[in-house]
Amino acid sequence: MGNPFRPTAGATPPDLIGRGGVLDEFAYGLRIGSGAPGLLSIFTGARGIGKTVMLGAAEDLAMTGGWAVVSETATGGFVGRIGESMRLLTSNLGDGPTGRRITAVAVAGFSVTTQLAPEAQVDWRTRGAELLRLLAERGTGLVITVDEIHAADRAELSRLAADVQHFIREGLPIGLIFAGLPAAVSDLLNEGVATFLRRADRIDLHAASISEV
């Protein structure tokens, strides 16, 4: 048997060693739906510890449960790209049969300005609410994952957090999972623009034990 250990950036390993139970709260949240604590989480840990891999594992769980997934990295314009992904999902759902399963959407190369204009911000929230209502009718919801939030533009992150909080207040089925470096995540959570994110379930990833490996 060849060595299955092939570490590389974000690749899914053959087994998630030492991560048993890490996603239990998230999986429970998928079953409960809107407002469940596990649907708002932040993975932190040193570079190479497996944050991106855990985002992928969460996405797989969501899609297995029939939820739609939008996966992004927090480079400039990421909120606009999430909005375009939502537009595509809404378009695909509009004429689809009830119970239709959704797959992940990733929009590459979609060019937008870093900060959305006020009218675009309103459209973003309206578009998101429309999609979430369509998904709720099908007994499912939307999970948004955002990697590398330590590099995020604060205004964009604040916009995303405010709108997701609005969706939760409306009882819409939304999940938001972040990943980022510990010090930067702590700085973000201490800033007023991200007060809502302090209620997120913070999951600190550590190295797996030698015996488990």
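Look above for the structure.
Presented here is an overview of the structure given in this document. (Residues numbered from 1 in each chain as written. Predicted model: local features only at pLDDT ≥ 70, side-chain atom pairs only at ≥ 80, totals over all residues. Heavy atoms only, no water.)

## Concerning the sheet that holds strand β2 (residues 68-73)
Strand pairing in a sheet relies on backbone hydrogen bonds. The paired strands run either parallel or antiparallel. Spatially, β2-β3-β4-β1-β5 is the arrangement adopted by the five strands of the open sheet, whose pairing is parallel. The open sheet has two free edges, formed respectively by β2 and β5 (201-204), since each of these has just one partner strand. Across the sheet, the mean angle from the axis of one strand to that of its neighbour is 15 degrees, orientation sign disregarded. On top of the sheet, helix α2 (residues 51-64) reaches β1 (40-44), β2, β3 (142-147) and β4 (174-180); it is set at about 170 degrees to β3, its chief contact. (Pairing = 2+ DSSP bridges. Helix = DSSP H or I, 4+ residues; strand = E, 2+ residues; numbered from the N terminus. Axes fitted to C-alpha atoms, helices over the stretch in contact; angles between N-to-C directions. Contact = heavy atoms within 4.5 Å.)

## As for the layout of surface pockets
Counted as a void, the second largest pocket has a volume near 150 Å³. Taken together, Gly35, Ala36, Pro37, Leu39, Leu40, Val164, Ile168, Ile174, Gly175, Leu176, Phe196 and Arg199 form the lining of the second largest pocket. Elements represented by at least two residues in the lining of the second largest pocket include exactly α5 (154-169) and β4. For the lining of the second largest pocket, the leading source of residues is β4, giving three residues. Counted by class, the lining of the second largest pocket contains nine nonpolar, two polar and one charged residues. (1 Å grid on protein atoms, 1.4 Å probe; cavity = no way out; pocket = protein on both sides within 12 Å on 5 of 7 lines; lining within 4 Å. Points joined across faces, edges and corners; volume = space filled by probe spheres on them. Nonpolar A, V, L, I, M, F, W, Y, C, P; charged D, E, K, R; others polar.)

## Some points on the packing of helix α1 (residues 24-32) against α2
Running from N to C, α1 and α2 cross one another at 25 degrees; their axes reach a closest spacing of 10 Å. Viewed along their axes, α1 and α2 adopt a mutual orientation that is roughly parallel. Considering the relative orientation of α1 and α2, their crossing is right-handed. On α2, the residues that touch Phe26, Ala27 and Leu30 of α1 are Ala58, Leu61 and Ala62. (Parallel < 35°, antiparallel > 145°, perpendicular 65-115°, else oblique. Left-handed = near helix turned anticlockwise from the far one by under 90°.)

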